Amino acid sequence: MIEKIMGQYSIDAPAKAKAKKLYGMGGVSNHTDEVNFSSFAVELARVSGELKNVPEVRQDLVDDFKKKLEGGEYHPPLEKIAHNLFLAGILNYEE
């Protein structure tokens, strides 16, 4: 009876042999670990790295708008501004 119980809860001989083959005698794996990333993940990492080099504010555009505003040359489309303010919930439209 004890042998039957031990057989149920111990590693059988073929599994022991396989474990020795995979991990060698010292318990260290002879195989190397490997990670494969999808092409999308690789591209995402590349683009993410490139975005870190892009400035948060494009100072050349800011300076150009400042110059146009100060010179009275910039006339933004007021309907588009009102529409965006309305969508943002800043402007209420009541007839």
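For every chain, the first residue of its written sequence is number 1, and the numbers climb from 1 along that sequence. Per-residue local features are limited, in this predicted model, to residues with pLDDT of at least 70; the limit for side-chain atom pairs, both in listing and counting, is 80 or more; totals at the level of whole chains, interfaces and linings are taken over all residues. Hydrogens are left out, water is left out, and the side-chain values use all remaining heavy atoms of the structure.

**Points about the overall build of the protein**
Phase 1: In terms of helices and strands, the protein carries 5 helices and 0 strands.
Phase 2: Helices and strands appear in the protein in the N-to-C order α-α-α-α-α.
Phase 3: By residue count, 1% of the 95 residues in the protein fall in the buried class.
Phase 4: Entry remark: accessible area of the protein is about 9,600 Å², with carbon and sulfur atoms responsible for 60%. Helix and strand assignments come from DSSP, with helices taken as H or I runs of at least 4 residues and strands as E runs of at least 2, each series counted from the N terminus. Only protein chains enter the accessibility calculation, which uses a 1.4 Å probe; a residue whose area is less than 20% of its type maximum is buried, one above 50% is exposed, and one in between is partly exposed. The protein chains shown are the only cover counted for residues, whose accessible areas, like all others here, come from Shrake-Rupley with a 1.4 Å probe.

**Notes on the pattern of salt bridges**
Where charged atoms from two side chains of opposite charge approach closely, those side chains can pair.
Phase 1: When a carboxyl oxygen of Asp or Glu is within 4 Å of a side-chain nitrogen of Lys or Arg, the pair counts as a salt bridge. Applying the stated criterion across every chain, the model contains 4 salt bridges.
Phase 2: As a salt-bridge pair, Asp-60 and Arg-58 come within 3.8 Å of each other at their nearest N and O atoms.
Phase 3: Overall, Arg-58 belongs to the partly exposed group, its relative accessible area being 49%.
Phase 4: Within this structure, Glu-43, Arg-46 and Glu-50 form a network of salt bridges that share partners.

**A word on the packing of aromatic side chains**
Phase 1: Think of it this way: a Phe, Tyr or Trp ring, Trp meaning its six-membered ring, pairs with another when their centres are within 6.5 Å, and the plane angle makes it stacked under 30 degrees, edge-to-face over 60, tilted otherwise. Per the counting criterion, the structure on display carries 1 aromatic pair.
Phase 2: Here the aromatic rings of Phe-65 and Tyr-74 are separated by 5.1 Å at their centres, their planes lie at 80 degrees, and the arrangement is edge-to-face.
Phase 3: Looking at Phe-65, the relative accessible area reads 38%, which means it is partly exposed.
Phase 4: Classification of Tyr-74 by relative accessible area gives partly exposed; the value is 32%.

**Regarding a nonpolar patch on the surface**
Phase 1: Patch membership requires more than 30% relative accessible area and the absence of a salt bridge. Residues of like charge join within 9 Å; the nonpolar side chains Val, Leu, Ile, Met, Phe, Trp and Tyr join within 5 Å. Side chains of Leu-78, Ile-81, Leu-85, Phe-86, Leu-87, Ile-90 and Leu-91 sit close together on the surface and give an oily, nonpolar patch of about 680 Å² of accessible area.
Phase 2: Mapped onto the elements, Leu-78 comes out in helix α5 (residues 78–87).
Phase 3: A relative accessible area of 64% means that Leu-78 is categorised as exposed.

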